[in-house]
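Inside the fold
Chain residues, written in single-letter form:
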Amino acid sequence: MTLRSFRGTTTLLSALALLVSPEIARSQAPAPLSRAETEFQKGAFAWERGDYPAALTTFDELLGSSDAASFVSRIATITGERYRTVELTTDGSSPAVSASGEWVAWESDAGGATWLHIARVANGVVTADSMPGSGFAFASGTAAARGVYVRVPESAELATARAEVTRAQRAREFPAMQQASARARDLERRSARLIVRDLATGTDTDFGNPGFAVHSPVFAADGNALYVLGDAEGGAGTDIYRVALPGGSVTRVTATGGVRADLVAVAGGRVLMYATAAGGNAAAGARGRASAFALYDLASGEARVINGAQPVVSASGNRVAWIETDGSASVLMSLALPAAGEPVEIVRTADRLNTPALSPNGATVAYSRMPRENWELYVAGTDGKGDRQFTHDVQHDILPMWITNERLLGVMGEGRHRRSYLYDLETGARERLFHNNTVRTIAPEYQWVASADGSTIVTQSERDGDTVSPERGVYITRLDQELPATDIRARVREQLATEQELRQRTTAMFAPITHAVRPVAQLVSKDRIYSYERDLFAFGSKHITQPGNAKAIDYLTRTYASFGYEPDVQWFETRGVRTANIVATLRGTVSPDVVYVVGSHFDSVERGPGAADNTSGTSMLLETARVLRDRPLPATVMFVSFTGEEAGLLGSREFVRNLVADSVVLAGAMNNDMMGFSNDQRLDNTIRYSNPGIRDVQHGAAMQYSDLITYDALYYKSTDAAAFYEAYGDIVGGFGSYPVLANPHYHQSHDVLETINHELITETTRANVATLMYLASAPQRLRGLEAVVGERGTATLSWQPSPETDVISYLVEWEDGGRTRSQRVRETQVRLSGVNEGTEVRVKAINNRGLEGWDWARVVVR
């Protein structure tokens, strides 16, 4: 071993010394951990393996000890948020924040019109004001207590255009919807009025419509004027206009027309930056650089056009950076401002580059780079020195954003589930920024904005885990306000109580059949699962347009038959292609007319073999069908391999169409999609559900009969689960990838077999088997629950009889004065007394083995 080849954490000489000298080894060994550090490490390891009760119990004890101050920040970060976070709204988009973090603006939709909300956050108290408007931009510097936005007056013409957008959307007439949307946007821009708000007083000054379509107003650096993009004379593109404050007089800054967008008033007041069409000098064009932006010198009136993409300026206004291409090379460039001199080449590489971000002082640039299949974050000096990789994770690390000159925000994951992290530039230390402070529910994040002073970050997120509803919340996190130990300890205790309740409840739920479930779950074979994966992977792409689709249909038909099923191959024509679902049915022994479906799509995207998406789910389905083949359940289970999911849920919609045509009353459905990828040592997957009862069955199944760690998200859009939800309502559960879509191989040609964790699929299959055994053995959710109010605080409840033939009674529960009351009855109706107006009553069936229904039917007494 040479010195050049040694890559350890010590020098070569010290490494040799550790080998030859026990005394030196002992003298250089780390000091023993204190008792408190040992306990913390024990709790942290318990958390990593999913033993949350043990972890939270340990954390609670540490936070109550004399050593609490040493652990509060670390425990806070493990269990949720370290910094104080305030919810501004549960429905907001396009957040903006003032330089000091005191003011936050966001938008929401109301009947097709955009509403603007401006809030002041002081000591955790939010004071908000709302008005019609959009595009709020805060001023900076001495004018920081002001902002500008656009207000669109309502008109009959605009109302008609918006109504047409809604009509076309509901009718799924997408070309008409696009045309109507363009018409509505054009009307909005042409009638838009410029409004300047004084944040201190809450008063607005209306500067009216300048006589042209207004785009994206911004404050001048000194706050004495606005710059806006508007129609050029003759309608040939856009020009920049200056609106003087306070008078409102309008002057044209540029008079050449052409394409302009994304206007930025650069700090210092000397330069405007905007995106424009490709152009510039002939030499630049010859090098093949397509995108372009311009730096407009306000003093000289000259624009310097640079053929590059994604331009960013530093908060101090002293430097601009961008990305350009030169043949096959990607090049990261920077230029001192005002735009004089020659650009500096910072990085030249054959790798893809993306999203540069300049530190406030302009000395450092952070950017995303793809050295392999995934994006990583890098930092470099804007002088072209000191380039280094900053993250090392198999997931995508993207969208760097400077908080201060020493602190960076980075985002991890794929578009439908990203999480934000803070990085220390000197040490590289990383900590999770945002969370919902729960153990199991995932909170996807979508947008991030930081205040100029580095004190505040605004995040748009689905903090409640609901990815289905269109609303997304807006939250403000104060980096200068760490949560105290008392708050963290209260959080830990609440999480512990919630986790213990979930475990106790689901253990009791499975108790009557656990003796039957456990040995079946243990029959799941990792070797068999891998053999299915290997066989399916060999077919290459299984997209409906590819030969692998037919090969997979034949393989799945033969494999189900080898287990002893008589598979039904459901052929159908779609988009000029003949393809098929494959269905294997395990008929129920007690209530065969009660039907559950468990499905996975077997097709892949056209350009990839789809090892994770969704050979993993297909293999799990096959193994589930195998181990249950000779162990039929009380209800009927249909194992369905769907085709055409990647082409638009074609197979699942065809299957559901047939179910509805045959008047099949479906009790529940499980859809399993992408559960084979893992990025660390944890065996974790997400429960993607519409029904919370099925969700909790899945949690219980995972905890009791597998080594799987489960999280959950209300998530079924754009998956085969949506076909069932649309026809049958919220009866859907299933397993999917965790972190949600963090797999960098998702929908790529490199979604290959060697990236799959076969043990993870095995443990998920065990949880899948246990879930199905409970669902198909327990009563389903009751239908037809009604409440009729009588006299003197009475109510009569009635419901349809449970279709399961082994049901012997019904459990009725309601809240009365803060305590839960219950009654058990044998008939399908009950008369309750002392039930107040607005009380929710819930009912579930119980069968002769003591299994309760997996979800309550609910009604509110009115």
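The next thing to look at is the sheet that holds strand S21 (residues 344–349). Taken in spatial order, the four strands of this open sheet run S18-S19-S20-S21, and their pairing is antiparallel. Bordering the open sheet on either side are strand S18 (309–313) and S21, each of which pairs with just one other strand. For this sheet, the mean inter-axis angle between neighbouring strands, taken without regard to orientation, is 20 degrees. The pairing of strand S19 (residues 319–326) with strand S20 (residues 329–336) spans eight bridges and is antiparallel. Looking at S20, one finds that tryptophan 322 is bridged to methionine 333.

Attention now goes to helix H14 (residues 650–661). One full turn of an α-helix is made of 3.6 residues, so residues set three or four places apart face in the same direction. If you check H14, its first and last C-alpha atoms are 17 Å apart, about what twelve residues at 1.5 Å a residue would give, namely 16 Å. Looking only at H14, the buried set comprises Leu650, Gly651, Ser652, Glu654, Phe655, Val656 and Leu659. Buried residues along H14 sit in contact with strand S33 (568–574), strand S34 (577–586), strand S35 (591–601), strand S36 (635–642), strand S37 (666–671) and helix H16 (721–728). Looking one or two residues beyond H14, the residue adopting positive phi is serine 663, at roughly 60 degrees.

The next point concerns empty space enclosed by the protein. Sizing a probe to match a water molecule and rolling it over the atoms shows the empty space that remains. In the structure shown here, the tally under the stated rule is three cavities of 30 Å³ or more. Of the pockets and cavities examined, the largest cavity occupies roughly 50 Å³. Taken together, Val590, Ser591, Pro634, Ala635, Leu775, Ala776, Ser777, Ala778, Glu804 and Asp806 make up the full set of residues lining the largest cavity. Among the residues forming the lining of the largest cavity, the class breakdown is six nonpolar, two polar and two charged.

Okay, the sheet that holds strand S39 (residues 709–714) next. Pairing in this open sheet of three strands is mixed, and the strands run S39-S38-S41 from one edge to the other. Taken across any chain shown, the strands that pair with only one partner, and hence form the sheet edges, are S39 and strand S41 (735–736). Where strand S38 (residues 684–689) meets S41, two bridges bridge the pair, whose relative direction is antiparallel. Bridging across to S41, isoleucine 687 finds its partner in phenylalanine 735.

This paragraph deals with the layout of surface pockets. By volume, the second largest pocket amounts to about 920 Å³. In this structure, the second largest pocket is lined by 33 residues; those nearest its centre are Trp47, Glu48, Ile78, Tyr421 and Arg432. Contributing elements (two or more residues each) for the lining of the second largest pocket: helix H3 (35–48), helix H5 (68–79), strand S28 (417–424) and strand S29 (430–432). Per-element accounting of the lining of the second largest pocket gives the leading share, four residues, to H3. The residue inventory of the lining of the second largest pocket, partitioned by class, reads 13 nonpolar, nine polar and eleven charged.

Turning our attention to the confidence of the model for the protein chain. Close reading of the predicted structure is inappropriate where its pLDDT is low. Confidence in the prediction for the protein chain averages 90 pLDDT; 94% of positions are at 70 or higher. Across residues 1–27, confidence stays below pLDDT 50; counting only partners more than four residues off in sequence or on other chains, it has twelve contacts. The model gives residues 280–290 a pLDDT under 50, and that stretch makes 13 contacts with residues more than four places away or in other chains.

Note: strand S14 (residues 260–265) against strand S15 (residues 271–276), four bridges, orientation antiparallel. Looking at S15, one finds that arginine 260 is bridged to threonine 276. In sequence, S14 turns back onto S15 through a hairpin of five residues, with glycine 268 there showing a positive phi of about 105 degrees. Where S15 lies against strand S16 (residues 292–297), six bridges are found, and the strand directions are antiparallel. What sits directly across from leucine 272, in S16, is tyrosine 296.

One way to put it is that helix H10 (residues 514–521) packs onto helix H17 (residues 758–775) with a least axis distance of 9 Å and a crossing angle of 150 degrees. Relative to H17, H10 is oriented roughly antiparallel. For the pair H10 and H17, the crossing hand works out as right-handed. The residues of H17 that touch H10, namely those facing Ala516, Val517, Val520 and Ala521, are Arg766, Val769, Ala770 and Met773. Residue classes in the contact of H10 with H17 are distributed as seven nonpolar, no polar and one charged.

Next up on the list: the nonpolar core. In this structure, Tyr560, Leu628, Phe639, Phe655, Leu666, Phe724 and Tyr774 are the most contacted members of the largest nonpolar core, which totals 84 residues. For this core, the leading source of residues is H17, giving nine residues. Ranked by size, the runner-up nonpolar core spans 24 residues in total, among them Phe71, Val72, Leu496 and Tyr715.

This part is about the side chain of aspartate 231. Looking at the element boundaries, aspartate 231 is found in strand S11 (residues 225–231). Side-chain polar atoms of aspartate 231 contact the side chain of arginine 190, separated by 2.9 Å. Not counting the four nearest positions on each side in its chain, aspartate 231 is found in contact with Arg190, Phe212, Ala213, His215, Gly237, Thr238, Asp239, Tyr241 and Arg252.

The rules behind each value
- Residues numbered from 1 in each chain as written.
- Predicted model: local features only at pLDDT ≥ 70, side-chain atom pairs only at ≥ 80, totals over all residues.
- Heavy atoms only, no water.
- Pairing = 2+ DSSP bridges.
- Helix = DSSP H or I, 4+ residues; strand = E, 2+ residues; numbered from the N terminus.
- Axes fitted to C-alpha atoms, helices over the stretch in contact; angles between N-to-C directions.
- Expected span 1.5 Å × (residues − 1).
- Buried < 20%, exposed > 50% of the residue type's maximum accessible area, 1.4 Å probe, protein only.
- Contact = heavy atoms within 4.5 Å.
- 1 Å grid on protein atoms, 1.4 Å probe; cavity = no way out; pocket = protein on both sides within 12 Å on 5 of 7 lines; lining within 4 Å.
- Points joined across faces, edges and corners; volume = space filled by probe spheres on them.
- Nonpolar A, V, L, I, M, F, W, Y, C, P; charged D, E, K, R; others polar.
- pLDDT = per-residue confidence, 0-100.
- Parallel < 35°, antiparallel > 145°, perpendicular 65-115°, else oblique.
- Left-handed = near helix turned anticlockwise from the far one by under 90°.
- Core = buried A, V, L, I, M, F, W, Y, C linked by side-chain atoms within 4.5 Å.
- Polar contact = N/O pair within 3.5 Å; in protein donor to acceptor, adjacent residues only side chain to side chain.

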